[in-house]
Amino acid sequence: MNKTYWDLAKKAGFVFWDEDEADGRVIDWASDYDKEFQLYTDLVIDHIERKYKYSYSTNFMGPISQEWTEKYGDHWSGGRIDRHRGDEDFELSLPLMHTEDYKRFSEWLYSLTTEYLWSLEEITSLFECETNTKIRWFETPKWKKDNDTV
């Protein structure tokens with residue numbers, strides 16, 4: 001059995017034969033594994049999603065200067081979106097938005113996984129649609145201006 005999946009089976013609660021037999025990597029199938037099998041399935045799915053799908057998180061970048069804060073207020077947040085897949089990391093610039101929207105967006109973004117790298121436009125459009133929240137940008141992104149219809 002592959003070590004990764006063996007570790008997941010142990011984490012799920014499967015019982016293994018004595019360490020002397022097959023390096024302790026043989027499951028003792030004499031037990032009832034209904035709960036363990038469901039947990040194992042969930043762990044395998046999670047492992048595959050983390051390995052083969054992209055996950056996302058925000059990364060606040062600062063500081064914003066005192067002069068800028070005095071001029072525009074302290075209710076703006078921005079930075080970047082970190083996109084991850086396995087050991088790969090990709091960064092995407094995140095323009096300033098209202099801090100309330102940034103917090104809500106960050107919480108929502110944490111659960112997003114995709115099969116390919118999404119653009120800022122794709123990510124924020126899905127966020128606005130799923131949460132019924134219109135992001136209050138400090139400066140409207142160009143792609144947003146181009147797509148607005150009045």
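What counts as what
- Residues numbered from 1 in each chain as written.
- Predicted model: local features only at pLDDT ≥ 70, side-chain atom pairs only at ≥ 80, totals over all residues.
- Heavy atoms only, no water.
- Buried < 20%, exposed > 50% of the residue type's maximum accessible area, 1.4 Å probe, protein only.
- Helix = DSSP H or I, 4+ residues; strand = E, 2+ residues; numbered from the N terminus.
- Contact = heavy atoms within 4.5 Å.
- Salt bridge = Lys/Arg side-chain N within 4 Å of Asp/Glu carboxyl O.
- Pairing = 2+ DSSP bridges.
- Axes fitted to C-alpha atoms, helices over the stretch in contact; angles between N-to-C directions.
- Parallel < 35°, antiparallel > 145°, perpendicular 65-115°, else oblique.
- Left-handed = near helix turned anticlockwise from the far one by under 90°.

(A) Summary view of helix α4 (residues 99-109). Looking only at α4, the buried set comprises T99, D101, Y102, F105, S106, W108 and L109. Considering only its buried residues, α4 is in contact with β1 (54-60), β2 (76-85), β3 (88-98) and α5 (120-131).

(B) The pattern of salt bridges, seen in detail. Per the stated rule, a full pass over the model turns up 7 salt bridges. The shortest N-O distance in the salt bridge between R80 and E91 comes to 3.7 Å. Highlighted residues: R80 in strand β2 and E91 in strand β3, separated in sequence by 11 residues. Given the relative accessible area of 55%, E91 is considered exposed. Connected through shared salt-bridge partners, R80, D82 and E91 make up one network.

(C) Region of interest: the pairing of β1. One ladder, built from 2 bridges, connects β1 with strand β4 (residues 113-114); its direction is antiparallel. Bridge pairing in β4 places Y54 opposite T114. Bridge count for β1 against β2 is 6 bridges, and the pairing is antiparallel. The residue of β2 that forms the bridge with F60 is G79.

(D) Broad picture of the packing of helix α1 (residues 3-12) against helix α2 (residues 34-52). Here α1 crosses α2 at 140°, and the two axes come no closer than 8 Å. When the interaxial angle is binned, α1 and α2 end up oblique. Of the two elements, α1 crosses α2, and the hand of that crossing is right-handed. Counted together, T4, Y5, L8, A9, K11 and A12 of α1 and E36, L39, Y40, L43, V44, H47 and I48 of α2 form the full contact between these two elements.

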